[in-house]
Amino acid sequence: EEEFKKAIAAEPGSPIYQNRLGLFYFNQGRYLESIPLYEKALAADPENTVYLVNLGLAHLNLKEGPKAAAYFKKALAIQPGDEQIEEYLRMAEAA
């Protein structure tokens, strides 16, 4: 965790490090903490479907289906036909 924070401090505009720290938190079940990091990554690279999907998954794990679905729909608009994202969208719409 500290290594990611140091990398972010050294390169605050880098969406890659924001996303990586978000993934670190996500994998620990710290979904609320991952969301602002994913949002910063997405702000720096708004067409990045990985960041959109990560945001969707964090919201899905927080039982926020409509918010999750919105991110998955944005990702599908950029990357249509992606079966994994379509599955996540189905899960979010059923949540």
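Residues numbered from 1 in each chain as written. Predicted model: local features only at pLDDT ≥ 70, side-chain atom pairs only at ≥ 80, totals over all residues. Heavy atoms only, no water.

J.: A description of the overall build of the protein should follow, citing residues and the corresponding values.
T.: Each helix and strand counted, the protein has 6 helices and 0 strands in total. Computed over C-alpha atoms, the radius of gyration of the protein comes to 13 Å, within 12% of the 12 Å expected from 2.2 N^0.38 for 95 residues, which places it in the range of a compact globule. Once the C-alpha set of the protein is aligned to its principal axes, its extents read approximately 40 × 25 × 15 Å. Residues counted as buried form 43% of the 95 residues belonging to the protein. Averaged over its 10 positive side-chain charges, the protein has a centre that lies 5 Å from the centre of its 14 negative ones. (Helix = DSSP H or I, 4+ residues; strand = E, 2+ residues; numbered from the N terminus. Rg over C-alpha atoms; globule rule 2.2 N^0.38 Å. Buried < 20%, exposed > 50% of the residue type's maximum accessible area, 1.4 Å probe, protein only. Lys, Arg positive; Asp, Glu negative; His and termini not counted. Charge placed at Lys NZ, Arg CZ, Asp CG, Glu CD.)

J.: Let's hear about the pattern of salt bridges: which residues, and what values?
T.: Under the definition given, this model contains 3 salt bridges. Here glutamate 93 and lysine 73 are joined by a salt bridge, their closest N and O atoms 3.8 Å apart. Of this pair, glutamate 93 sits in helix α6 (residues 83-94) while lysine 73 is found in helix α5 (residues 65-78), placing the two residues 20 residues apart along the sequence. Residues glutamate 87 and arginine 90 are paired through a salt bridge, measuring 2.9 Å at the closest nitrogen-oxygen approach. Here arginine 90 and glutamate 87 lie together in helix α6, a separation of 3 residues that amounts to about one turn. Note on glutamate 87: relative accessible area 33%, which makes it partly exposed. (Salt bridge = Lys/Arg side-chain N within 4 Å of Asp/Glu carboxyl O.)

J.: Can you explain the packing of aromatic side chains? Please cite residues and give values.
T.: Aromatic ring pairs are reported here in terms of the distance separating the ring centres and the angle at which the planes meet. Within the structure shown, the criterion is met by 3 aromatic pairs. Note on phenylalanine 24 and tyrosine 25: the rings are 6.0 Å apart at their centroids and 55° apart in plane angle, and the pair reads as tilted. A relative accessible area of 25% places phenylalanine 24 in the partly exposed class. (Phe/Tyr/Trp six-rings, centres within 6.5 Å; stacked < 30°, edge-to-face > 60°.)

J.: So what's going on with the side chain of asparagine 54? Residues and values would help.
T.: Along the chain, asparagine 54 turns up in helix α4 (residues 49-61). Those residues in contact with asparagine 54 that lie beyond four places of it in its chain are Asn19, Leu23 and Tyr38. (Contact = heavy atoms within 4.5 Å.)

J.: Any chance you could break down the environment of glycine 81 for me, citing the residues and the numbers?
T.: Checked against the element boundaries, glycine 81 lands in the loop between α5 and α6. On the basis of relative accessible area, glycine 81 is assigned to the partly exposed category, the value being 48%. Residues within four places of glycine 81 in sequence aside, it is in contact with Leu76 and Glu86.

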